[in-house]
Amino acid sequence: MSTTAANTDAFPDVPPLLWSEALATGDDRMDETHEEFVTQLAALRALPPEQQLEPYRALVAHTVEHFAREERWMVAVGFAVDNCHAAHHRQILDTMRAVEEHFLQGDREIIGRMAAALAEWFPMHAQTMDAGLAQHMRSVGFDSRTETLADPSRVRPATMTGCGSVHCS
Ligand SMILES: [Fe+2]
Ligand SMILES: [Fe+2]
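Structural notes, computed from the coordinates.

Structural notes on the environment of M30
And step 1. Mapped onto the elements, M30 comes out in helix α2 (residues 28-45).
And step 2. For M30, a count of 22 C-beta atoms within 10 Å gives the class buried.
And step 3. In sequence terms M30 and S144 are 114 residues apart; their C-alpha atoms lie 7.8 Å from each other.
And step 4. Non-local contacts of M30, meaning those with residues more than four positions away in its chain, are made with T25, D130, A134 and S144.

Shown next, in the form of structure tokens:
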């Protein structure tokens, strides 16, 4: 049995997450990062546990930047710093960091379980909170590559605490 098959067998209920247009948010800059995330996650899941720590750390580092970039954009287009999308990011990152600690303490399966959970989580997040942010950025004329507003008067700073998603209470 190959190591890939062994890992797949360990989490048969979560199929590999592949990039597709169904994951696109409509913001090219955001989608670039998301495609990188999906690619890194798939590569991680194909590895046996003893080879997962370094690529997992790289995924955490990528996710730190990914979330920080989106949170910068949120503030630029009028969200409060502690809006619900940013809070959700914090929960995910806290969990990702805790997984590394548990792995180092001897739970060799935990990165694989977390990677499977992330493959389940990501499509919903991209299609709701991230797509909502992308739509709002478009509506106020925000350029995510230059991180500038065509007309700053269209944004009232720190006025939104929700994220435009039905998954945000
Ligand atoms: Fe995202
Ligand atoms: Fe997000």
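From this point, the discussion proceeds with the structure in view.
A few points about helix α4 (residues 84-104)
And step 1. In this model α4 runs 31 Å from its N-terminal to its C-terminal C-alpha over 21 residues, within 8% of the 30 Å that 1.5 Å per residue would give.
And step 2. Burial in α4 covers these residues: H85, A86, H89 and V99. The buried residues of α4 occupy one face: seen down the axis, they fall within an arc of 135°. Along α4, exposed side chains directed more than 90 degrees from the buried face belong to A87, R90, Q91, D94, A98 and E101.
And step 3. Looking at the buried residues of α4, the elements they touch are α3 (53-76) and α5 (110-139).
And step 4. Two residues or fewer past α4, G106 is found with a positive phi of approximately 120°.

Cut-offs used in this document
Residues numbered from 1 in each chain as written. Chains lettered and ligands numbered in written order. Predicted model: local features only at pLDDT ≥ 70, side-chain atom pairs only at ≥ 80, totals over all residues. Helix = DSSP H or I, 4+ residues; strand = E, 2+ residues; numbered from the N terminus. Buried ≥ 20, exposed ≤ 12 C-beta atoms within 10 Å, placed from the backbone. Contact = placed C-beta atoms within 7 Å. Expected span 1.5 Å × (residues − 1). Arc of directions from axis to C-beta.

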